[in-house]
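Coordinate inspection notes
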Amino acid sequence: QVQLVESGGGLVQAGGSLRVFCAASGRSFSSYGMGWFRQAPGKEREFVAAISWSGGRTYYADSVKGRFTISRDNAKNTVYLQMNSLKPEDTAVYYCAAGRIAAMEAQVYDYWGQGTQVTVSS
């Protein structure tokens, strides 16, 4: 069992940066692939980024590639999402998730956090 808690969301102007965090508790965090997803009002949840258990492989949605960076610190049981050059369309609730592998498909992930709101003003 893994519990996930996101933090670091907030309000930022377009073009700005924000870093969101996902703190994990429970067993074997370092064996899980981790992902970030987001859901904007009236839209379906969508994949943002994922990272393998070792951090050696990362995956990004085309819409955030080159602007967002996912990383993890297994010693701190934490996953990060650094978001730069933010756009109003990045506004959403951001969720982290843990699964057996890192992938773009939400169904791969077994555990989800409650989410953190990110709002980008124009």
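You'll find the structure just up there.
These figures come from a predicted structure and were not determined experimentally.

**Re the pattern of salt bridges**
As enumerated under the stated definition, the model contains 4 salt bridges in all. For E46, the salt bridge goes to R38, with nearest N and O atoms at 2.6 Å. Looking at E46, the relative accessible area reads 36%, which means it is partly exposed. The exposure class of R38 is buried, given its relative accessible area of 5%.

**So, the state of the cysteines**
Where two cysteines share a covalent bond between their sulfur atoms, that bond is called a disulfide. Using the criterion set out here, one finds 1 disulfide in the structure. A sulfur-sulfur separation of 1.9 Å characterises the disulfide bridge that pairs C22 with C96. Residues C22 and C96 are joined by a disulfide whose S-S torsion is about 50°; by sign, that bridge is right-handed. Taken together, the positions of C22 in strand β3 (residues 18–26) and C96 in strand β9 (residues 92–99) put the pair 74 residues apart, joining distant regions of the chain. Across the pair, exposure class does not vary: C22 and C96 are buried alike.

**Quick word on the sheet that holds strand β7 (residues 68–73)**
Strand order in the open sheet formed by 4 strands is β1-β3-β8-β7, and the pairing between neighbours is antiparallel. Every interior strand has two partners, whereas the edge strands, β1 (2–7) and β7, have only one. Within this sheet the neighbouring strands show an average axis-to-axis angle of 15°, counted without direction.

**Let's talk about the pairing of β9**
Most of β9 sits out of view: 7 of its 8 residues are buried. Inspection of the sheet shows strand β4 (residues 33–39) paired to β9 by 7 bridges, in the antiparallel sense. Looking at the pairing, M34 lines up with A98 of β9. Relative to strand β11 (residues 116–121), β9 is paired through 3 bridges, and the arrangement is antiparallel. When the bridges of β11 are listed, A92 appears paired with V118.

**Structural notes on the environment of M34**
Inspection of the secondary structure puts M34 in strand β4. Put simply, M34 and Q107 are 73 residues apart on the chain and 13 Å apart in space, counted from C-alpha to C-alpha.

**Quick look at the packing of aromatic side chains**
The description of two aromatic rings rests on the distance between their centres and on the angle between their planes. Taken as a whole and judged by the stated rule, the model has 6 aromatic pairs. For the pair Y109 and W112, a centre-to-centre distance of 6.2 Å together with 70° between the ring planes defines the contact as edge-to-face. With a relative accessible area of 27%, W112 lands in the partly exposed category. One aromatic cluster in this structure is built from F37, F47, Y109 and W112. Over the ring of Y95 we find R45, and its NZ or CZ is 4.1 Å from the ring centre. Taking the ring centre of F29 as reference, the NZ or CZ of R72 above it sits at 4.6 Å.

The rules behind each value
- Positions within a chain are numbered from 1, following the residues in the order the chain's sequence is written.
- Side-chain atom pairs in this predicted model are given and counted only at pLDDT of 80 or more, local residue features only at pLDDT of at least 70, and totals for whole chains, interfaces and linings cover all residues.
- The basis for every side-chain value is the complete set of non-hydrogen atoms in the structure, without hydrogens or water.
- The term salt bridge refers to a pairing of a side-chain nitrogen on Lys or Arg with a carboxyl oxygen on Asp or Glu at a separation within 4 Å.
- Three labels apply to residues, based on accessible area from a 1.4 Å probe with only protein chains included: buried if under 20% of the type maximum, exposed if over 50%, partly exposed otherwise in between.
- Here, the term disulfide refers to a pair of cysteine sulfur atoms separated by no more than 2.5 Å.
- Put simply, DSSP H or I for four residues or longer makes a helix, DSSP E for two residues or longer makes a strand, and each gets a number counted from the N terminus.
- When DSSP finds at least two bridges between two strands, those strands are taken to pair.
- Note on geometry: axes are C-alpha line fits, over the in-contact stretch for helices, and angles between N-to-C directions span 0 to 180 degrees.
- Any pair of Phe, Tyr and Trp rings, taking the six-membered ring for Trp, is counted once the centres come within 6.5 Å. Such a pair is stacked with planes under 30 degrees apart, edge-to-face with planes over 60 apart, and tilted for the rest.
- Counted as over-ring charges are cases with an Arg CZ or a Lys NZ within 6 Å of the ring centre that also lie within 35 degrees of the ring normal.

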